[in-house]
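# Chain and residue survey
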Amino acid sequence: MYEMTASDRLTVLKSCALVAPVTALEFIGDDYLLTGEGPILSVFSLKGSPRLLVSLNVLHNCRIHGMRLKQQNIFDAPDQPTCSEVVELVVFGGKSLRLINVRPCGRGLEVAGPLMELQDWVLDVSWLKGEPQPLLGVSLAHNAALLLEPQSGKILTLCSCVEACLLYSALLIGPSWETSVLVGGTVFNQLVLWKPGGTGTDLQFQVERRLLGHSGVIFSLCYLQSSGWLASASDDRSVRVWHVGRLGGNVGCGEESPTCLRVLYGHQARVFCVRLSPGRVFSAGEDGACLLWEWGGEGKVGRTLKSHRSGGIRALAVSKGNDGKGCEWVATGGADGGVRLWKVLDQSSEQEIEDTQMDLGFGGLGCPKVVRSVGGRAVVTCTDQGQVFLHRDGLWKKIWNGGPEFQSYSVMEVACIDLQNSSSDEGLWVCALGNLNGSVQVFPLHQPGGGVLQQVSETKIHSLQWVERKGAVGRSWCLLASGSEGLVYRWTVEVAENETGQFLMLQKMKPFLLPPCAKRWLTAAVILPYGKKVLWVCGDRRGSLLLYKEEEDENGRTDEVEKKHKGTEERADEDMGLEDTVDDTMVPIPPVSTLFGVHGKQGVTSVCERQAVCYSTGRDGCVRVLTVNEDSLNVRRIHRACKGMDWLEKVMFVDSNEGETGKEETMDSESEEEEETAAEREVENGGVNREERGGSEDILTLKRPESKRPRNVSEGRFLMAGFHSVQFVLWDPLRQEKLFSVACGGGHRSWAYIPFSGAKTHCYRQTLGQGTLVFIKQGAIMTSRSLASSATEVSGHTLREGLHGRGLGCVCRLGNISKPGYASEMWEVLVTGGEDTTVTVVAVRPEQGTVKVLAIISDHISNVRTLAAVQRGAREDGKSHRWTDLSSSFSTLVFSAGGRAQLQCYRLLIGWDEQSSWPTCQVTQIAGHRLDEQWERRRNRHKTVKMDPETRYMSMAVVHDGIEEVLLALACSDGAVRLFNVGEDSRKVELQWESFYHQRCVLSVASYSLMDVHGKRHVLLFTGATDGAVALWDLTAMLDSKSKDSWHGPSAPCFSVPVHQSGVNTLVISKHHEGIANDVITVASGGDDGQLSVMKIRVELNQSQTKSVCPQLLSQWSVPLAHSAPLTALSALSSTRLVSTSPDQRVCVWHISDDGFHHQGTIFTHTADAASVLTWCREEPNMESGAYVVVCGQGLQLLKLMEGGEEGNETESVRQKEQERRKVVFGD
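Residues numbered from 1 in each chain as written. Predicted model: local features only at pLDDT ≥ 70, side-chain atom pairs only at ≥ 80, totals over all residues. Heavy atoms only, no water.

### Brief notes about the overall build of the protein chain
Secondary structure summary: the protein chain contains 5 helices and 86 strands in total. Classification of the 1228 residues of the protein chain by burial places 60% in the buried group. Counting only contacts in the protein chain whose residues sit at least 6 apart along the sequence, the fraction spanning at least 24 positions is 56%. Summed over its atoms, the accessible surface of the protein chain is roughly 47900 Å², and 46% of this surface lies on carbon and sulfur atoms. (Helix = DSSP H or I, 4+ residues; strand = E, 2+ residues; numbered from the N terminus. Buried < 20%, exposed > 50% of the residue type's maximum accessible area, 1.4 Å probe, protein only. Contact = heavy atoms within 4.5 Å. Areas by Shrake-Rupley, 256 points an atom, 1.4 Å probe, with all protein chains shown as cover.)

Take a look at the structure:
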């Protein structure tokens, strides 16, 4: 236990890691990028793979809002400094500015001057000519400007505009003070231009130009000298480009009558940033989008760059594009703390992407019914006349004619099959067609005459599926045909070669039997190698997921195939093109596990596998993550697409560890309209992967991990492909954004999606959004762009991952993990919840300040306000949810609750990935609960008062952690205290008890358990509401399993005391230690009144008369103004030490003693709107070096708590910081 040894020792808090909104970005040439996150200045190298070089806190407690390189504003200096010399710049933010030097090649940052603190907000700083050294021109928020000596901080001139008003943005333009022009964006929605170095009385100058047009305040300004353009971004969601001519120098304020060239509307929220480059306009705003505007025509959006989570983009920078390759860098910094980088081609080298769709000009006989992609550059289609056509190099060619039996109705699928005993990587494209008469024709596309005809039934073939199979002898393919009576016929298909050429070999396998249902045919399938067994996961049209099992020999063949393989090989030359003579009466294989209707009645659309984890999609708008355990198919997690995107077709993985990407992904859906007719169309395969040529299930890259490699428990990073109304959409569930959209008419059509063929691993997410959709629309075969397209406009990099774009409301620690054998490389694993409705699992390495996002859970429909977690260990029945080596992996139950009275439970398995050297997280959904849904299921609910649908869960505490269940107490905004029972095995959440005693919003809860002399455990619950009172409840009776079902809970608390003048925001119970009696509880509370209170309560147990506890208040102490704002969060570091925080951005440490408590240390946090605080101690020999504090609000900051020693040492540290500061006084 971490204990303080001397009460007079001060506490020092040191920042270890920070995630805050990125508010400033600046390029140094095309090789380096400067970022400002809070007060921290960082340098990233853009050479090769972008990486962080160095970081430094330069502004102490101020947030960086801008950086200006010395060469930028001196007109006769080079446009950009070179990386081989020292780069001088000024960094500013708030009321402070500072000179910084960047060492050659970005090897370090040096402080070149003191921290100058002004008396007004700094909006812009400009380097101006001066003797003997350059000077600084500073634009101030009250429409004023001053001339400053950089080193001494001496004010040479201070002037203002006669129009005294508040500015939201400003630019100081010009080579010298005498010829400079200040452009200000006023609070009155105007742009004013005036000359600080002009002639005026009493250093006040008139407005020389006034630009009107905006209906909101102006947040950002940018001036391009070469064209005389001035751009302004406004609160009215618009960007305006003005022609003002040359500003500064001898021409003064430019054109006498500036004109507005463009009014650009495209953002869905406020526009925060605007940048200009020759022929380009860039803007970014609160909607999280960076727009590249086309200057020609009417000024349309040419490209949208989105990758930040909610909260918007706060910083934007554009490089000069001087790399000689016709491209320039674009960097965005988000409110989520992420930094995103794109390389955009110059207009002269861009390939125009037409918004209009292209008609491939199909002119064959009949109407196309099915379309597939072949190799990414060719398209094959089947018509209602039973003919197959191939489109290549702009020409259509008929390659096969099926005759009358394939007219009116046919289903088609293609696959690329490897040649047997061939060292070539090239494969043979094979086409399979099924008809109404139960026939299946299989033939090579390059040799249609060498096909095989299989007669499998007397009725129609509902669907065909190609399924890739990987075995010990290599890769093979299986063809599945879904016939009548739920029978799914199967063949292994191989391509062999002899003296006469290539030929197909089909080996029949036992059929599968689908369970009885109305729509009894197969829609998707995938193979899972499982030791000597082969597991098949299939999906049917009824929405069910099915698991089939068969044995496999050492050569990777199933028993019935191996028995006939040798005989077929011997007569292959003679019987080439003929079917085998296997008995068709083989007993079909039934499923060993069924999830009936799990995807709803509209059917399963795809099933795929990645690292032994299955993913299924359906027309219920969900992606289900599946695992197989002892021949049982289980749903681990459910991902939902965006609102309105209910028709999902497949998932596309984008985080391949193998560094390879596939070049082909095709899939389509059945047509519901034709399904109801005699010419009913098939339900198409749920996704195809050709593994760099196309042709497997739903996955771009897939390699089976080696058996000796530690299993990666993390889920794959994927995109969702499906239909949103009449549009085909690629949706990113992680960043909640649309990457690709084509108005194809909706899902009732055949289609194929071809990802960009030049995709690379680090930018594959962007290149997926630049693929091509081929689809059938009104009898024509259309494409979203040319099939010959090969160049890409934009490639992107993630320099820094973001967290929640909006405020974080809660944080919870799960534990720590390290690389096996490297105990010093310890990562702290945290869970955060925020206003963006997501729960994020992050790993933080305090020694390096590295923050890694492990998983994002987006099941909540409103904000997440509270979190709780319990460790899972070995159970009495022998089952275990936890490894013995806790340093390498551990398991935890996590509970999240918040708006709309929603409670969710997950099991998180934290492990280590040796391949990436990162911690990993596997998420399993246990249960969910909403009060409104429970009310809808009640009997006679019309006789009861409906619960408030806007009820929020404000706080949560674990009351009891049992073997089979966990009891949670929740504080509710409707005035209730509720107790829920969460069963991990039953996967249910049940309301156990509720009380409306408080009759007002309950803000906080805290639980405590203690043992009496007889060994009986007593459970107490403390609650705090908006009336400022703290109540104590006795919940001991609910621990008795015999009376649990009939237990109704207490109707009133056994103890209540007024503590605060307003709401009790937080309650915390200090840890017990040996110096305090077992029945004495120390309770601390913080309120809206800014007060911190500590109570000591004695609880007398075993009262025979009352059969309940008897609390007694021993002492109570308070600090009325512990913070200058509402105290929002408290955490107990030990039995004698508390940590508090508040929106005043202070983190305070308090020491509790026998006679009260006193302040011990304070640090300013860079996390605005602090809402939660958490403390813990690492279990290390030196406990003083292992105490940590994490604060979350508008970002997250990790602090390390240390003892500061004697007061003199702390005073010396404060004195050193004061010496770095220099007050700049404006007047006498």
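### Some thoughts on the pairing of strand β73 (residues 1017–1025)
The element β73 is largely enclosed, with a buried count of 8 among its 9 residues. Here 9 bridges tie strand β72 (residues 1002–1011) to β73, and the two strands are oriented antiparallel to one another. Note that in β73 the partner of Ser 1009 across the bridge is Val 1019. Following β72, the chain reverses through 5 residues before pairing antiparallel with β73; Gly 1015 in that reversal takes a positive phi of roughly 85°. Connecting the antiparallel pair β73 and strand β74 (residues 1029–1034) is a turn made up of 3 residues, with Gly 1028 showing a positive phi of about 85°. (Pairing = 2+ DSSP bridges.)

### Notes on the packing of aromatic side chains
Using the criterion set out here, one finds 25 aromatic pairs in the structure. With centroids separated by 6.3 Å and ring planes inclined at 20°, the aromatic side chains of Trp 194 and Phe 205 adopt a geometry described as stacked. Here Phe 205 lies in strand β18 (residues 204–205) and Trp 194 lies in strand β17 (residues 191–194), a separation of 11 residues in the sequence. Pair check on accessibility: Trp 194 and Phe 205 agree, each one buried. Relative to Phe 723, the ring of Trp 647 has its centre 5.8 Å away and its plane inclined at 70°; by these criteria the two rings are edge-to-face. Taken together, the residues Trp 647 in strand β52 (residues 647–653) and Phe 723 in strand β53 (residues 718–724) connect sequence positions 76 residues apart. Look at Trp 647 and you get buried, because its relative accessible area is 13%. Of the aromatic side chains, those joined through ring pairs into one cluster are Trp 647, Phe 723, Phe 728, Phe 740, Trp 751 and Tyr 753. (Phe/Tyr/Trp six-rings, centres within 6.5 Å; stacked < 30°, edge-to-face > 60°.)

### Brief notes about the pairing of strand β51 (residues 633–640)
Here strand β50 (residues 622–628) runs beside β51; their pairing, made up of 7 bridges, is antiparallel. From the neighbouring strand, Val 628 faces β51, where its bridge partner is Leu 633. Hairpin connection from β50 to β51: 4 residues lie between these consecutive antiparallel strands, with Glu 630 at a positive phi of about 55°.

### As for the sheet that holds strand β83 (residues 1156–1164)
Pairing in this open sheet of 4 strands is antiparallel, and the strands run β80-β81-β82-β83 from one edge to the other. Where the open sheet ends on each side, the last strands, each with one partner, are β80 (1129–1134) and β83. Ignoring strand direction, the axes of neighbouring strands in this sheet form an average angle of 25°. Pairing between strand β81 (residues 1137–1141) and strand β82 (residues 1146–1153): 5 bridges, direction antiparallel. Counterpart to Val 1139 in the pairing with β82 is Val 1149. (Axes fitted to C-alpha atoms, helices over the stretch in contact; angles between N-to-C directions.)

### A look at the nonpolar core
Counting residues in each nonpolar core, the largest one holds 24 residues, and the members touching the most others are Val 430, Val 440, Val 442, Trp 466, Leu 479, Trp 491 and Leu 504. Looking at this core, the elements with two or more residues in it are β36 (410–418), β37 (427–435), β38 (439–444), β40 (463–471), β41 (474–482), β42 (487–498) and β43 (501–513). When residues in this core are grouped by element, the largest group, 4 residues, is from β42. Dropping the residues within four chain positions of it, Val 430 is found in contact with Glu 413, Val 414, Ala 415, Ile 417, Val 442, Phe 443, Pro 444, Trp 466, Val 495 and Leu 504. (Core = buried A, V, L, I, M, F, W, Y, C linked by side-chain atoms within 4.5 Å.)

### Some thoughts on the pattern of salt bridges
One pass over the structure, following the stated rule, counts 23 salt bridges. Note that Glu 37 is salt-bridged to Arg 800, the shortest N-O span being 2.9 Å. With Glu 37 in strand β3 (residues 32–37) and Arg 800 in strand β59 (residues 794–800), this residue pair connects regions lying 763 residues apart in the sequence. Taken as a pair, Glu 37 and Arg 800 share a single burial class, namely buried. A salt bridge links Glu 984 to Arg 907; its shortest N-O distance comes to 2.8 Å. Within this pair, whereas Glu 984 is found in the loop between β70 (977–983) and β71 (988–995), its partner Arg 907 is found in strand β66 (residues 902–913), the two being separated by 77 residues in sequence. For the pair shown, Glu 984 and Arg 907 are each scored as buried. Through salt bridges with shared partners, a single network forms among Arg 872, Arg 907, Asp 961 and Glu 984. (Salt bridge = Lys/Arg side-chain N within 4 Å of Asp/Glu carboxyl O.)

### What to know about the confidence of the model for the protein chain
Averaged over every residue, the pLDDT of the protein chain is 81; the share at 70 or more is 80%. Taken as a whole, residues 758–763 scores under 50 in pLDDT and shows 12 contacts with residues more than four places along the chain or in a different chain. Segment residues 874–885 is flagged for pLDDT under 50; beyond a separation of four residues in sequence, or across chains, it makes 20 contacts in the model. (pLDDT = per-residue confidence, 0-100.)

### Observations concerning the sheet that holds strand β25 (residues 280–285)
Taking strand neighbours across the sheet as the criterion, the 4 strands line up as β24-β25-β26-β27 in an open arrangement whose pairing is antiparallel. With one partner strand each, in any of the chains shown, β24 (271–277) and β27 (301–306) form the two edges of the open sheet. Shown here is a sheet whose adjacent strand axes are inclined to one another by a mean of 20°, direction ignored. As defined by bridge partners, strand β26 (residues 289–294) adjoins β27 across 5 bridges and the pair is classed as antiparallel. If you follow Leu 292 over to β27, its bridge partner there is Arg 303.

### With respect to the side chain of Ser 234
By secondary structure assignment, the location of Ser 234 is in strand β21 (residues 229–234). Take Ser 234: its relative accessible area is 0%, and that puts it in the buried class. Within the local environment of Ser 234, its side chain forms a polar contact with the backbone oxygen of Gly 216, the two atoms lying 3.0 Å apart. Not counting chain neighbours up to four residues away, the residues in contact with Ser 234 comprise His 214, Gly 216, Val 217, Ile 218, Phe 219, Arg 270 and Val 271. (Polar contact = N/O pair within 3.5 Å; in protein donor to acceptor, adjacent residues only side chain to side chain.)

### Here's the deal with the environment of Trp 242
Summarising the element assignment, Trp 242 is placed in strand β22 (residues 238–243). Under the relative-accessibility criterion, Trp 242 is labelled buried at 4%. Sequence-wise, Trp 242 and Thr 259 are 17 residues apart; in three dimensions their C-alpha atoms are separated by 5.6 Å. Residues contacting Trp 242, with those up to four places away along its chain left out, are Leu 191, Leu 211, Leu 212, His 214, Gly 228, Trp 229, Leu 230, Ser 232, Thr 259, Cys 260 and Leu 261. In terms of polar contacts, Trp 242 uses its side chain to reach the side chain of Ser 232, at 3.1 Å.

### Regarding the environment of Val 1057
Mapped onto the fold, Val 1057 is located in strand β75 (residues 1055–1058). Judged by relative accessible area, which is 11%, Val 1057 ranks as buried. When neighbours within four sequence positions are excluded, Val 1057 is seen to be in contact with Gly 1028, Ala 1029, Val 1030, Met 1095, Leu 1113 and Gln 1116.

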